[in-house]
Amino acid sequence: MNTTGYAAGQGLRLIPFRGLRYVPERVGSLAAVTSPPYDVVVRPDGLHHLESADPHNIVRLILPQAGTAAERHQRAADTLERWLAEGVLAPDPAPVLYVYEQRADDILQRGVIGALALSPASEGIVLPHEDVMADVVEDRADLMRTAAAHFEPLLLSYAGDGGPGGTTAVIERVVERVPLLTTTTEDGFGHRLWAVTDPVEQGEIASGLSHRQALIADGHHRWATYLRLQQEQTVPGPWDFGLVLLVDTARHPLRVRAIHRLLHGLPVAQALRALDGRFRVRPIGGPLPRALDALADAAADGNAFLLAGDGRFHLVDRPDEQLLARTVRTDRPDAWRTLDATVLHSTLLDDVWRIPDDPGHIAYIHDTAAAVEQAERHDATAVLMHPVREEVVRDLARQGITMPRKSTSFGPKPATGLVLRSLGVD
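Treat the numbers as computed from the prediction; the structure is a model and nothing was measured. (Residues numbered from 1 in each chain as written. Predicted model: local features only at pLDDT ≥ 70, side-chain atom pairs only at ≥ 80, totals over all residues. Heavy atoms only, no water.)

Draft legend 1. Structural detail: the sheet that holds strand β14 (residues 260–263). A sheet is described by the order of its strands in space; here six strands give the open sequence β15-β17-β16-β19-β14-β18, paired in antiparallel fashion. Two strands lie at the open edges of the sheet, namely β15 (280–284) and β18 (362–365), each paired on one side alone. Across the sheet, the mean angle from the axis of one strand to that of its neighbour is 25°, orientation sign disregarded. Direction of pairing for strand β16 (residues 304–308) relative to strand β19 (residues 381–384): antiparallel, over a ladder of three bridges. (Pairing = 2+ DSSP bridges. Helix = DSSP H or I, 4+ residues; strand = E, 2+ residues; numbered from the N terminus. Axes fitted to C-alpha atoms, helices over the stretch in contact; angles between N-to-C directions.)

As structure tokens, then:
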């Protein structure tokens, strides 16, 4: 894989597009029609909450509800068509790039939303760092194909030079202007969006990105879906580009959090019995923040996990070395072999607990408290993870090594629903 650098013009290619946006007068509020990314919504509780927030909440497009997959995807397409006809959503008059800002407390993140030219990982321009699940890619592909739209931008990061020129200079100028929209979502984040309409400024952004390499921070399944749908096309067109948010982490470092596992049908007592003699297991007192501190301390010395679901917390660490040697593949670098996610999937899920990695057996939950609550409600086991360091993620990605799926959660993630991309109006 070529990940060491590029000739001129062989980096990121971001182009303007005519965004679809909610018409404020046709909805209760912009905050009420937004949603987290589709894979962050905790179902069914979070889904129902969003559906009830506003009859036009974007969740009806990203997670449509019906009896079959085909019916769900057709419902999303029909809903999009109806909202456009009714003036709930409307395309911007001309192709633009968008500057997007998120702010909460001491967090400030700014980036550019546009349509990014697609490229396979082998070209070393956009680097994935996680594996994907085929059934999820198939589902997202069917949804995008049927609706002919990209409903939510992926989060991609790149390392700028930290200087005041190029893309950064445009962003800093644009945020001094009147935004297209301003809203605050219920998580406390303020959101602002601006249109970059000046061709000169659009050119500055394009030039500034033309020799950059990006890491997929959030959206591996959607990126894989973009590539799959591109391969289906016989002529060049809008499917050659995907909706993304690009953030310069030299200016706005991302936060890295863990994604937790909810193991359906595995009570905590049963999970703990299977660990006997294979891992060290210790009870940890609550509340949750205190237990997570204990997990962080243990993770500093090696693989560690926190199990919950029976009203208590159980710290699992110090795996048997012979068990690891037998269950973890040896043809990968040590940085990959020692990842918590690697040990969880290769050793715990595949060997100790014998749990298939499919939606019927495992749910991936970003919110820690929600993972614990769902485990306790359903007599299941929540496996709470400690986040991996960002430099480890980038180093493995540059080597072309993907981590186990759902190993990391970068953020803050862009709110879904502020700008969409129709494949028919570019």
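Draft legend 2. Quick look at the pattern of salt bridges. All chains considered together, the criterion is met by 27 salt bridges. Taken together, the salt bridges that share partners define one network made up of Glu101, Arg103, Arg110, Glu172, Arg192 and Arg251. (Salt bridge = Lys/Arg side-chain N within 4 Å of Asp/Glu carboxyl O.)

Draft legend 3. Molecular detail of the pairing of strand β12 (residues 241–248). Across the eight residues that make up β12, a large majority, eight, are buried. Along β12, one buried face is formed by Phe241, Leu243, Leu245 and Val247 and the opposite face, lined by Gly242, Val244, Leu246 and Asp248, is buried too. Bridge count between strand β5 (residues 107–117) and β12: seven bridges; the pairing is antiparallel. Within β12, the residue paired with Ala117 across the bridge is Phe241. With five bridges connecting them, strand β8 (residues 154–158) and β12 associate as parallel partners. Paired with Tyr158 across the strands is Asp248, a residue of β12. (Buried < 20%, exposed > 50% of the residue type's maximum accessible area, 1.4 Å probe, protein only.)

Draft legend 4. Quick look at the packing of helix α4 (residues 69–86) against helix α5 (residues 134–147). Axis separation between α4 and α5 bottoms out at 8 Å; the angle between their running directions is 35°. The way α4 lies across α5 gives a crossing that is right-handed. Residues Arg72, His73, Gln74, Ala76, Ala77 and Leu80 of α4 form the contact with α5, whose own contacting residues are Asp139, Asp142, Leu143, Thr146 and Ala147. Residues that form the contact of α4 with α5 fall into these classes: five nonpolar, three polar and three charged. (Left-handed = near helix turned anticlockwise from the far one by under 90°. Contact = heavy atoms within 4.5 Å. Nonpolar A, V, L, I, M, F, W, Y, C, P; charged D, E, K, R; others polar.)

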